[in-house]
Amino acid sequence: MEVNSESSDCMRRVGLVYDDRMCKHATADGDHHPENPDRIRAIWKKLESAGIPQRCVVLNAKEAEDKHILSVHSKNHLNLIKNISSKEFDSQRNRIASKFNSIYMNEGSSEAAFLAAGSVIEAAERVARGELNSAFAIVRPPGHHAEQDEPMGFCLYNNVAVAASFLLNERPELSIKKILIVDWDVHHGNGTQKMFWKDSRVLFFSVHRHEFGCFYPANNDGFYAMTGEGPGAGYNINVPWENGRCGDADYLAVWDHILIPVARDFNPDIVIISAGFDAAIGDPLGGCCVTPYGYSVLLKKLMEFAGGKIIMALEGGYNLISLANSVLACVEVLLEDKPITGSSEAYPFESTWRVIQGVRQELSAFWPTLADELPKKLTSYKASPLQLLISSSDSEDESDIGLHIGAANLEVVVQDGLSKLKVDEDSHVVEGLQKPCAGSADRSPPKEVIWKTIPHRLFFGRDYSRSWGPGGVAFLHPEINTQDKAYVSLYRITLEQFNDVLLQENGSSYEISSPLLDLAALNSITDKQSILVEALKVGWYRNILYLGKECDIPILTLTCSQSDLEAFKSGKLPMSAPSKEYANTLIRGLTEGKQLSEEDAIAYMQEALTKPIVIPTP
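Residues numbered from 1 in each chain as written. Predicted model: local features only at pLDDT ≥ 70, side-chain atom pairs only at ≥ 80, totals over all residues. Heavy atoms only, no water.

> Is there a simple way to explain the overall build of the protein chain in this structure?
Per the secondary structure count, the protein chain includes 18 helices and 20 strands. Going through the 618 residues of the protein chain one by one, you find that 59% of them count as buried. Look at the contacts in the protein chain between residues 6 or more apart in sequence, and 77% of them connect residues 24 or more apart. Accessible surface, the protein chain as shown: approximately 24400 Å² in total, 48% of it carbon and sulfur. (Helix = DSSP H or I, 4+ residues; strand = E, 2+ residues; numbered from the N terminus. Buried < 20%, exposed > 50% of the residue type's maximum accessible area, 1.4 Å probe, protein only. Contact = heavy atoms within 4.5 Å. Areas by Shrake-Rupley, 256 points an atom, 1.4 Å probe, with all protein chains shown as cover.)

So, in structure tokens, the structure goes:
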């Protein structure tokens, strides 16, 4: 039943779509998952507590028709999602879902997917007809990752793409000829981009963490050089963050210096927002810092277009408090019945200005409004460089980071036997560690931890570290030797987080304004096999080794420089047995990781202590 607003006629008419049936989509085994029914329940509860539904037009959720899904998805894709919840798939459902990237399905998935897509269509059509000024579709599962023939990234059907195609192709009488799609989810909207790649009727804009292709969905589709093709050339705009922790100031700078100028020239007939809130402060997957106030201002700036005809469709957002507060702030902006309160005194990161200038240069051939260089006085206003205070390192500092950092598409090798360390649940300190480590700025857990053996020699050098006290710490011989074998645990983390590891492992205080290991260096290391980070000067672990790839993801580790290796061999640097606590930690890691028996692990350690270092002659 549709519920009309009690507001006066002079106020904006804002539609809301919410339906509990979309909560039926859940994990089959009941395990916790970030994309879960509580997301939309938390939003609706927050809106109800603020009296929002009474000031809006509450719309009935509707299931999308097959033909509308088929406007952007293949027949196979339609049928898969349509039938996956039926009883005939009960025994196969989990196996089928496991074939896709970050997808789960259950008995309620089909209905929820059709309702999500159909609800965005319903909201969009009502706004396009002029029955509503704007609308927010509180839907799940989200949609912007779903591609033409593949669900992925928690997304089954591409809800926003289905609705945009509906307006352009099914309702010509509504005169919607140009659509601006703004995707502010922290992840790149890869599916939506591909669906309108050659279509000049849709200006697709996505701002997202990218980190040189290492953040989900972990490819180069989200780079700013991806601008569209054929008639759609120039109508695809990507703003790829190089790092996490971007906040209000960074997003507002992008709005002011890229999106708003281009949108004015494009002059859309309607605006659809892929409204993910995983860039919100406190989100466990996003690692960014946008506040409800920030989202309010971003939305307010978009309301100058298309007479304020805006449809917002929920995408991501996994901190229930930030998610609900951010949605409430946005709906209040759509209602326009109270001023935006708040302020932001921060400046953008230097990397933000660098990205903005790169995007403007790439798009200037299509949008002359972006051709002028930004004034240096403007770009000089930037956040202070990230400063990390780092203790002298050893390989176990690396493992402590490995227990906290997270989750995109770079494999980092953490030295031997460390994936099963015992950690104090309150302090998150590795057992036996004398001095805790600061850890990475992004503390979400590794996406994956696996073991591998590599043809390198393990040895123990130095005789004291701040983290473990007296005793040597582990290093890998930089040179490959097929007669040697080292056991290493691989932590799948982001490029940004690897840079944090690199800094923390090298024993001093550094100011950085750009990554020590950027995409160019990452590409070159596959040929060079190693890179010595000169900026770190005297760090113990400033030599980055390339150890090949795992599932097409580069494997990196840190070890000593060649000059330090020669100093170990000559005796200028001491080689010492590890402390008892350190040795026990390594042995326990190897045994609990099911790599070696305790007896074999002790023998492995003993060989590392006694075998002389050999440096191959050129």
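> I would appreciate a short explanation of the sheet that holds strand β4 (residues 179-183) in the present structure.
On the basis of which strands lie adjacent, the open sheet formed by 8 strands has the order β2-β1-β3-β8-β7-β4-β5-β6 and parallel pairing. Every other strand in the sheet has two partners, leaving β2 (57-59) and β6 (236-241) as the edge strands with one partner each. Going from strand to strand, the sheet's axes swing by 15° on average, the running direction of each strand aside. Two elements, strand β3 (residues 134-137) and strand β8 (residues 310-314), share 4 bridges in a ladder whose sense is parallel. By the bridge assignment, Phe136 is partnered in β8 with Met312. Strands β4, β5 (202-209), β7 (270-275) and β8 of the sheet are contacted by helix α6 (residues 159-170), whose axis makes an angle of about 175° with β4. (Pairing = 2+ DSSP bridges. Axes fitted to C-alpha atoms, helices over the stretch in contact; angles between N-to-C directions.)

> Help me out: how do you make sense of the packing of aromatic side chains in this one?
Geometry of an aromatic ring pair is reported as the spacing of the ring centres plus the angle between the planes. Considering all chains together, one arrives at 20 aromatic pairs under this definition. When the centroid spacing of 5.8 Å and the interplanar angle of 85° are considered together, the rings of Phe154 and Tyr318 count as edge-to-face. With a gap of 164 residues between them, Phe154 in the loop between β3 and α6 and Tyr318 in the loop between β8 and α10 (320-335) connect regions that are remote in the sequence. The burial state of Phe154 is the same as that of Tyr318; both residues are buried. Ring centres of Trp468 and Tyr582 lie 5.2 Å apart, and the angle between their planes is 15°; this geometry places the pair in the stacked category. A residue pair is termed long-range when its members are at least 10 positions apart, and Trp468 in the loop between β13 (464-465) and β14 (469-470) and Tyr582 in helix α17 (residues 580-592) qualify at 114 residues. Residues Trp468 and Tyr582 agree in their burial class; the two are buried. Taken together through their ring pairs, the aromatic side chains of Trp184, Phe205, Trp255, Phe277 and Tyr295 make up a single cluster. Above the ring of Phe266, the side-chain terminus of Lys178 is found at 5.4 Å from the ring centroid. (Phe/Tyr/Trp six-rings, centres within 6.5 Å; stacked < 30°, edge-to-face > 60°. Lys NZ or Arg CZ within 6 Å of the ring centre and 35° of its normal.)

> It is not clear to me how helix α16 (residues 562-570) should be interpreted in this structure. Could you clarify?
Working note: α-helix, 3.6 residues per turn, so residues spaced by three or four point in the same direction. Looking at α16, one finds that the buried residues are Asp564, Leu565, Ala567 and Phe568. Axial view of α16: buried residues confined to an arc of 160°, hence all on one face. Those residues of α16 that are buried are in contact with β12 (458-461) and β15 (473-476). Just past α16, the residue Gly571 takes up positive phi, approximately 95°. (Arc of directions from axis to C-beta.)

> Any chance you could explain the packing of helix α3 (residues 75-83) against helix α5 (residues 109-129) here in plain terms?
Two measures define how a pair of helices packs: the angle their axes make with one another and the distance between the axes. Between α3 and α5, whose axes approach to 6 Å, the crossing angle comes to 125°. The orientation of α3 relative to α5 falls into the category oblique. Across from Leu78, Ile81, Lys82 and Asn83 in α3, the residues of α5 making contact are Ser110, Ala113 and Phe114. Here the contact of α3 with α5 is composed, by residue class, of 4 nonpolar, 2 polar and 1 charged. (Parallel < 35°, antiparallel > 145°, perpendicular 65-115°, else oblique. Nonpolar A, V, L, I, M, F, W, Y, C, P; charged D, E, K, R; others polar.)

> Just to check I follow, could you spell out the nonpolar core for this structure?
Generally speaking, soluble globular proteins have nonpolar side chains that are buried together. Phe136, Trp184, Trp255, Phe277 and Met312 are the most contacted members of the largest nonpolar core, which has 126 residues in total. When residues in this core are grouped by element, the largest group, 12 residues, is from α5. Discounting chain neighbours no more than four positions away, the residues touching Met312 are Ala135, Phe136, Ala137, Trp184, Ile273, Ala275, Phe277, Leu299, Cys330 and Leu334. (Core = buried A, V, L, I, M, F, W, Y, C linked by side-chain atoms within 4.5 Å.)

> What's the story with the confidence of the model for the protein chain in this structure? I'm lost.
Low-pLDDT portions of the prediction should not be read for the details of their coordinates. Summarising the model, the protein chain shows a mean pLDDT of 86, and 87% of its residues fall at 70 or more. Low confidence marks residues 385-429, where pLDDT is under 50. Its contacts with residues over four positions away, or in another chain, come to 206 contacts. (pLDDT = per-residue confidence, 0-100.)

> Explain the environment of Ser109 here, please?
Looking at the element boundaries, Ser109 is found in helix α5. Given a relative accessible area of 0%, Ser109 falls into the buried group. Taking C-alpha positions, Ser109 is 4.5 Å from His25, a pair spaced 84 residues apart along the chain.

> What is the right way to read the pattern of salt bridges from this model?
A side chain with one charge can pair with a side chain of the opposite charge if their charged atoms come near. Taken as a whole and judged by the stated rule, the model has 28 salt bridges. Between Glu242 and Arg354 there is a salt bridge, with its nearest N and O atoms 2.6 Å apart. Of this pair, Glu242 sits in the loop between β6 and α8 (248-266) while Arg354 sits in helix α11 (residues 350-363), and the two are 112 residues apart along the sequence. With relative accessibility at 14%, the residue Glu242 sits in the buried group. The network of salt bridges with common partners includes Asp19, Arg21, Lys24 and Glu111. (Salt bridge = Lys/Arg side-chain N within 4 Å of Asp/Glu carboxyl O.)

> So what exactly am I meant to see when it comes to the pairing of strand β20 (residues 553-559) here?
Two faces make up the sheet, and in a regular strand the side chains alternate between them. Among the 7 residues of β20, 7 are classified as buried, and the element is accordingly described as predominantly covered. The alternating pattern of β20 places Ile553, Ile555, Thr557 and Thr559 on one face and Pro554, Leu556 and Leu558 on the opposite face, and all of these are buried. Summarising the sheet, strand β19 (residues 543-550) and β20 pair through 6 bridges and their orientation is antiparallel. Note that in β20 the partner of Asn543 across the bridge is Thr559. The turn joining β19 and β20, which pair antiparallel and follow one another in sequence, is formed by 2 residues; a positive phi near 55° is taken by Cys551.

> Is there a simple way to think about unusual backbone geometry in this case?
Negative phi is the rule for most residues except glycine; trans is the rule for most peptide bonds. Here Arg140 and Pro141 are connected by a cis peptide whose omega angle stands at 0°. The residue Pro141 is located in the loop between β3 and α6 in this model. Along the chain, Tyr216 connects to Pro217 via a cis peptide bond; the corresponding omega equals 10°. Of note, the phi angle at Ala218 is positive, near 65°, even though the residue is not glycine. Considering the arrangement of structural elements, one finds Ala218 in the loop between β5 and β6. Positioned with a positive phi, Arg462 is a non-glycine residue whose angle comes to about 70°. Tracing the backbone through its elements, the reader meets Arg462 in the loop between β12 and β13.

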